Structure formats: C-alpha cells, structure tokens
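In case you want the letters, here they are:
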Amino acid sequence: MKNYKLLSLIFLAFVVFTACSDDDTPDPVNEEEVITTLTVTLDPVGGGTSIELKSQDLDGDGPNDPVVTVSGPLANGVTYNGSIKLLNETESPAEDITLEVEAEDDEHQFFYTIGGGLDVTTTYTNFDGNSNPLGTEFDLTAGAASSGTLTFTLRHEPTKPNTGLGDAGGETDIAVTFDVTVQ
Amino acid sequence: MRIILMILLCSSILSYTQDCTSTLSGSVLDLHDGKPLPEALLLVAGTNITAETDSIGKYFIKGLCNRSYTIQVAHPNCLSRVFSVKIDGNTTRNFRLEHHLEEFNEITIKGKAFKDKSQTLNNEKISREEIERFSSGSIADALNEISGVSSLNTGNTILKPIINGLHSSRVVLVNNGVRMQDQEWGPEHAPNIDINVADNITLIKGAAALQYGGDAIGGVIIAESANAPVKDTLFGKTIVTGLSNGRGGSITTKLTKSSVSGLSYTLQGTLKRFGDFESPDYVLSNTGLFERTASIKVALNKFKYTLEGYYSYFKNEIGILRASHLGGAGDQFDAINRTRPLFVEPFTYDIDAPKQDATHHLAKLKATKSFDKLGKLTLQYDFQLNNRLEFDIRRGDDRDKASVDLELITHSLTLDLDTELSEKIGFKAGILGRFQDNTADPRTGVRRLIPDYKRYDLGAYGIMDYDVNDHLTVELGGRFDYSDLDVFKFYRTSLWESRGYNVQFPDIVVEELDTQVLTNPKLNYSNASATAGVKYDLSDEFQLLFNYSLASRAPNPSELFSDGLHHAASRIEIGDLRFTSEVANKFAMTISRQGPKFNFSISPFINMINDFILIEPTELEQTIRGNFTLWEYRQTDARLLGFDVDASYNFTENLRLEHQFSFVKGRDRTLETPLINMPPVETKNELVYKNEKLKNLHLSLQSHYVFRQNEFPDNNFDVFIPELDMERELDISSTPDAYHLLNFNSSADFKFGKTSELTVGLGINNVLNTTYRNYLNRLFRYAHDLGRNFLLTLKIKY
C-alpha cells in the first residue's frame, strides 16, 4: 500500500510541475556590446571642411550589409587630425563604445591599412598607459592624387607591442574598408 | 502462488505411477543478455528428479509424463524461480533467470537488459575494465574504441560520440534508465555524464531501442550502474589516474552497502582536474578542465517488487582553445594559414574565457512490481535540470558575464510493462509523458542563442520478440511520438523579412519592437518509428543478424531557431522555422563467427535519411566587424553507407591480435555532393598479451591509422584581406592528412587482504609524439592535436 501512495505522490508532483507554467512573454535582450557605427572624422590642420568616413550596420550580425559612406575626397598635401567614434545605436540613446575602448586602452588597438595605390600615411597620436599605440586618434597625411582603400581594424586583446596586424593577433571587433580618393 | 504449488505438488505425486518416457530439454539463460548459465540446478517438484546445466547452459531431463510439471530452477548468482511446464512428448523449453549482479571481481557485468535493447542489431558493450581505463576521460573516449564509432571534438575535452557518421540529436544517451536531456543539439555540447557512474555501457548502432525513443537515427548509448547484490556486504573501489599531458588527473570512488533484506546504498563521486594540454610542439592555451560529479542510489530489491531512488550531480568547467576564438573571416584566414597558433602562453591550470560551465542534475524514482498473470510493471519519474553557461571574451562591465545562459528543465514519466505472451514470445510496451521548459536568461546582454520554449511529448511503444526455435529469433517493434513546441522567439526584423517569414507567418507575431519582432511559433510533430529484425544461428559458430529500422526525429531548437553569431565558432548560424521531421530508413546486417581461434564480425549498413538536417557554410556576410561565414541549416535527402569490421586471432592462449576497420560514406542525394564532417576511414590493429596466471598481466600495443577524408563539400570563399590588399581563398573545407598513432597500455593485479586488490596500469597515448590534425576536431584548423601522454592508473578494490 505504501508503494501506491508513493506512486500517486509522484504522479501528483508531475501534474503540479507541468501545471504551473507562466504565460509571461520573455523580455527582449538589449545587446550591450554590439558596435553598429564607426565614424572617422578627418579635420584638416589649419581649417577647412571635415571629411567623414562612416559605416553603419544597424542590424549587427543580421542579413543587412553595413552602409558605408565617404563624404568627399582628401586634398593632396594636407594633413588631417583623425578621430574615431564607435556607437551602439541599437540602444536609445546610442551608447558611446569609444569610451569603453579608451578605458581599456591596453587591450585595444586600431590599425590603419592602406591599399590599392592610395597615397596616404598615418601616425598614431594616442597611446595606452604603456606608451603602446591605441589609435582612436591619429594623423593622416594625403600625398599625391591617387585612389584606393583605407581599412580601419580594431583588435581586442592584441599582443602589444606589435609590428602590425600580422603579429598582433587578438580578435577583430571592427574591420571596415573605405574607398578613398586623394585629389 | 504457494497454494498452486502445493496442488501441483500433490497432483504430481498422484500420477507418478503413469508410464512416462517423455523428455524435457533446453537451456537456462540469463534474463538480461540471453547468455547461457552453466551449473544451474533444475528440480522437478513432486519427484526426486534433478538435473544440472552443462558448460553451455543446456540441460536434459528424461522419464517425464505427458502432463504439467512445476520446475524450480536455481543458480548460485540468480534468484531461484518456479516455472510451470506442460510436457507433450519430447518437449523443449528455455528458462530465464534474473542474474543477480555480483559486484566483486568474478564476473564482468554485461547488463544488456533483454528486450530493452535489441537482439537483432549488433550491440557493442564496453566492459567495466575498459570503463575504468578511461576513468579520467569522457564517455566518448571509451566509445571510440568501438568500430564504427568516432567522436566529434571541440578541442580535446569536448567530445560527442558519432555512430556510423551521425551525432548530436541523432544519438540518444541513456544514463541509468533516464534519457539525458542536456542540450545535446549543439556540436560543442558534450554529454553531461561522468563515465565513472557506469559499470557497463552498451552501444546500439541504430534506432532499435524503441523504449528510449524513436528518434535515434544514429544510435543509442546506454550507460548503466550495476545492481547491488542481495546480501550483507560493504564494498567499494577507488581509481586514481595521473596524466602527463594536461598535468592533471582524476580520482573516483564508489562505495556500496547492501543487505540481505534487499536494501542497498551506493555512493559515487569523481573529481577531475587538468591544466592546459599540449600538442607535440606547443601548449594548447586555455584547454584546462575541472569536473566534479557525485551520485547516490538507494534501492530496495525484493523478489516481487523493487524501489529505486537515484540522484546525480554533474558540473564541468572546460576551457576552449584561446587561439580558436576569432573575429571574422580575416582573422580566420590568418589563423588557418599559420603552422602554429599565434596565441601560445606558458602552461597554466587557469581556465579563462572562452569557456563553458555546465551543470546537470538528474533525479529518478523508479518502482517495479511483478504481477503473476500480467508481468512486470515499471513506473518511473525523472527530473533533469541542465544549466549551460558559455563565456566569451568580452569588454567592459560584461567581462565576467556569460554570453549564453540556458536552463533546461525536463520532467518525464514512463510506465512500462514487460511480459511474456507465451513461452516463446516476450512483449514489452510502455507510455511516456514529458514536459520540458527552456529559459534563456536575458541578462547576458547577448541575443538568445536558443529561445524560451515549452515542449510537451507523448509517446507509446510496443516491442515483441519471438523465439521461433533454438536458432531463430524474430523481433518487431513500433512507436509513436507526438511533440508540441510552444516558443517565444525574438527575430531581428531584418532576418524576419529577408527569410520571408513576415509573409508566411504574419499571425505568430506578438509584438513589433524597434529592430526585433517577438513571435510565438507553435509547432507540433507526429512521428512514427518501427523496427524489425531477425537473429539466426547458422551453426554453433556462425550467427546472422538482420535489422531494419524506421526512425523519425523532430528538428531540435537549434536547427529551428539559431540566428546569430557563434563566437566560439567564428560564424553566423541560421536555423529554419519551416523544417519538418527527419525520417531515416536503416538496413543493417551482421555476420559473425565465434571460434576458438579466429573470431570476426562484419556489419554493413545503409541509412537513407529523408529531410536530413545539416549545417553548411553558404556565403559570406558583411558586418561592421568584417566578413563572417554564414552557416545555414538546410534539409536534404542523404544516404549513409558503410561497414564495420571486427576480427581477432588468438595465436596462443595469451596472445591475440585484434583488428577493426570502419568505413562510412555520406552523400547528399539532392545536390549529389559529399556530406560534411563524415568520419574518415580508420583502422585499428592491436596486439594483446594477457596472462591470468601472472598477476593478470595485460600488455597491449595498438596501431591506429586514420585515412585522409577525400570526400568533402567545397565551401571555400574568397575574402578581401586588407593587409595583403587582395582577395584570398578562405579554406574552410579541406581535410587534414592521414595520420598514424601508436598507443601502449598495460596493467597488473596485486591481491592483498581477503577481498582487496590493487591494479596498477601504465599507458602511453601517442607513443611516437606524432604531430597530427584530426578532421573531426572542429578546431583542427587552428591547432594540432595532443602530443604524447603518459597515464598512470591505480585502482583499489575493497
């Protein structure tokens, strides 16, 4: 008899467990780390119109491609003060990820890769606590009239110091290529 | 019962004077595995006739009359049973006894429960000895020893068994009678089971074990712990293993207390700890492991009924090779084209992100009762809670937060009836009810990998086996399963639209948010499965098995709902809401010979799977983080074809050669291309020396040769590499070269005290420190596999 009591208890437990289901809908997840937007602002030294390079991918890893825009050509012989801003626009108001990157400057580094015959040179102008480059700020000097690509790569946890992307390792958080012209 | 016995007893005395010349003959067999029981004593009630079975379990009684007799059958290791037999001329009858498993070293436990498993499909068993040898490894390590079984690895500590080319949701794992619900769908989710809980493991290469489900298209793995003997005793064992590679080891202990009243307790616990493992040339950084498990079993074993309570706790923390954690296709290109990973740090025991942290609770209550006319009824309730945490390398405040936090709760209730329809026909039937609730914690700050869902399952099955005669057994079974899924899933609006769901399923939308859509898909699947097989003894040495199985599997949540970046795999994975059930038709055959010197078995099979679900890279997806390979699940018709060979030759009593050969080919019948991730052809040859007289000395040298997989789909892409200023091919398809490993193993037993024994074992894996890559290791493109490994094992039985 004792067994039957036990069995009926088990049955009861099963019914109770299955019966208490809540019908609440789940909460949406706010993606905290996604970077949707990279904006590179190039201010000509000595004044003039700033040039903006922007890549915006509002659906993150979703199927839509990023929208890449370049506001205009660079002028030959001109040096620009460059600054990079990263945003997470899935949140409202948009979160400034640049602040996080700069707070963890020893674990991040931007790389600038020039390709396709573009004649420009870059130099880092901000550094981490160990005097290794961080690169959210830089100088860019446009050389002779030319066109090609300019790629901005942000690595998380790279080997620092390094000689470039080849031995930096880490993970790529940003990799955006812009088609740029020097006139 | 006693009254019936008395009447029978009396009636037999009364009729003793008849002219009686009939005979009764047959075998006494183990109820669990059908093995013959020698030295069983048969007593014909009411007469002074007795008989004993010979070395092959056969008996012969003469001088019986044509009427009913009561026969008591007894065996030292079994519970005695009373059978009623009607004699009509010379009669044949087999008796089955329930073998009471002895925990001491005299018997190798083969708990192959008759009818739970399959008689017409080749069952492979792993003995306790083998299990103990793999005490510090995983269940898949031990199963790898079986022909036709390999493992899908993520690094060297996350191993999933592959049976004849199939894995994950297609392989059902049964732990102490409970079907594991531990999020087995992902290729990087290893089974949440400690190999040390099992005293024996049976592997069935097909879906014939319908009792546990009709969806085991690949096969079923059954891990069981032994029943405690019904006598007053206390015994246990402790195994300590140390490994040079990984600089760690494991300790496991099991203690059983039992009494003649049938009450027993078993306690078991394991601790495993490893630091970084090493390839021949470098440290595989962040590949450590920390595993803790414990289980308790309380059982009351009476002749007419049994009660059992079981609880097990499993927790394991596994580091994922740091060098495999990458950004997009550019990083992947860079990592693949290195001969040595960029991220190699000095050895450490620390386990950092990326890592997994899985916890599994399993509780079971089981009651069985035998009814005279009806048979044995078993009622079982089991509860499982699986919590899976995955940690990625993150930034800022999220640094120590898990990226994946899934909690899966499962309740199951089953009722089974095990009976005999006649002397020759055994029948088993049962029903199942299951409720499952998955919750993904939104506080991770990462979109849910698997959505919140509730799943309801109902199932019913019946299996029958018929001993047509001494040589022929026929087996038939059928099962029906109904599953209902109630899901809450957030889709990215862009994905929702790009896949056309907004047109096809507008009515499942609950709420539209800025960039996401909350939907409530309600899916249900009705699946039929069946099995039919024959076992035929061609002669004393040759046996033929043939089995057909129809298996149907509902798509799992990962196949239906994946959408997003899988950091650990550096790829975006997309499921499909519209998937239907996979249906497989498998034909398998085994011909085997058991001889004094030469044994072999050959098992060819063909598995035709309609609507086979697979994941493959389809295109490159551009994101602000660069290009990622997009892996999409798709359904196609597949065909798996292959064979497994096992053979052994005894040169002398102590020396034998064992051979294994496994071959499988997978084909996409729709696209006429090879299937991805099919195990390459492999062969194992092992020379074994064993001398029971010399401290049970065991020495073996194994050669393991794995061929190159020549058939694979080409899914390579061209990717723009800014540093090189050109497009380059991203090779995510090609397969690594063939390799050959030598493994050495040895052990010896030393007795001390009355019943105690110490076993010392020394093994060397990859003796030649060969550098190799394994196609079935998902991280093989980023690092080499393990180098030489010394294993020292000490086992004490007391």
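Residues numbered from 1 in each chain as written. Chains lettered and ligands numbered in written order. Predicted model: local features only at pLDDT ≥ 70, side-chain atom pairs only at ≥ 80, totals over all residues.

Caption draft 1: Quick look at the overall build of chain A. Helices and strands together make up the secondary structure of chain A, namely three helices and ten strands. Listing the helices and strands of chain A from first to last along the sequence gives α-β-β-β-β-β-α-β-β-β-β-α-β. Looking at chain A as a whole, 31% of its 183 residues are labelled buried. Put simply, of all contacts in chain A between residues at least 6 apart along the chain, 64% involve residues at least 24 apart. (Helix = DSSP H or I, 4+ residues; strand = E, 2+ residues; numbered from the N terminus. Buried ≥ 20, exposed ≤ 12 C-beta atoms within 10 Å, placed from the backbone. Contact = placed C-beta atoms within 7 Å.)

Caption draft 2: Local environment of the nonpolar core. If you look at the biggest cluster of nonpolar residues, it comprises 85 residues, and the most contacted ones within it are B:Leu143, B:Val174, B:Ile201, B:Val220, B:Ile221 and B:Ala223. Here this core takes five residues from strand β37 (residues 626-650) of chain B, the largest share from any one element. Split by domain, the residues of this core number at least three in each of domain 2 (123-221) and domain 3 (222-797) of chain B. Not counting chain neighbours up to four residues away, the residues in contact with B:Ile221 comprise B:Leu143, B:Pro161, B:Val171, B:Leu173, B:Val174, B:Ile201 and B:Leu203. Counting 30 residues, the second-largest nonpolar core is a separate cluster that includes A:Val34, A:Ile51, A:Ile84 and A:Tyr112. (Core = buried A, V, L, I, M, F, W, Y, C linked by C-beta atoms within 7 Å. Domains from an automatic or database assignment.)

Caption draft 3: Broad picture of the sheet that holds strand β5 (residues 68-74) of chain B. Residues and elements named next belong to chain B. One open sheet holds the four strands; their spatial order is β3-β2-β5-β6, and the pairing between them is antiparallel. Of all strands in the sheet, those bounded by a partner on one side alone are β3 (50-52) and β6 (81-86). The average angle at which neighbouring strand axes cross in this sheet is 25 degrees, direction not considered. Where strand β2 (residues 41-44) lies against β5, four bridges are found, and the strand directions are antiparallel. Bridging across to β5, leucine 42 finds its partner in valine 73. (Pairing = 2+ DSSP bridges. Axes fitted to C-alpha atoms, helices over the stretch in contact; angles between N-to-C directions.)

Caption draft 4: Up close: the environment of B:Asn144. Looking at the element boundaries, B:Asn144 is found in the loop between α3 (139-143) and β10 (149-154). If sequence neighbours within four positions are ignored, B:Asn144 has contacts with B:Val149, B:Ser150 and B:Ser151.

Caption draft 5: Structural view of the domain arrangement of chain B. Per the domain assignment, the segments making up chain B are domain 1 (2-97), domain 2 (123-221) and domain 3 (222-797). Between the C-alpha centres of domain 1 of chain B and domain 3 of chain B there is a distance of 46 Å.

Caption draft 6: Structural context of the sheet that holds strand β13 (residues 178-179) of chain B. Residues and elements named next belong to chain B. Strand order in the open sheet formed by five strands is β9-β14-β15-β12-β13, and the pairing between neighbours is mixed. The open sheet has two edge strands with one neighbour each: β9 (123-126) and β13. As paired strands, β9 and strand β14 (residues 200-204) are joined by four bridges and run antiparallel to one another. The residue of β14 that forms the bridge with glutamate 124 is leucine 203.

Caption draft 7: Quick look at the pairing of strand β31 (residues 522-537) of chain B. Residues and elements named next belong to chain B. Two strands pair when backbone bridges link them, and strand β28 (residues 472-492) and β31 are joined in this way by 15 bridges, in the antiparallel orientation. Across the sheet, residue aspartate 481 finds its bridge partner in β31, namely asparagine 527. Sheet topology places β31 next to strand β32 (residues 542-553); eight bridges connect them, and they run antiparallel. Pairing of valine 534 across the sheet is with phenylalanine 546, part of β32. Counting the residues between successive antiparallel strands, the hairpin from β31 to β32 contains four residues.

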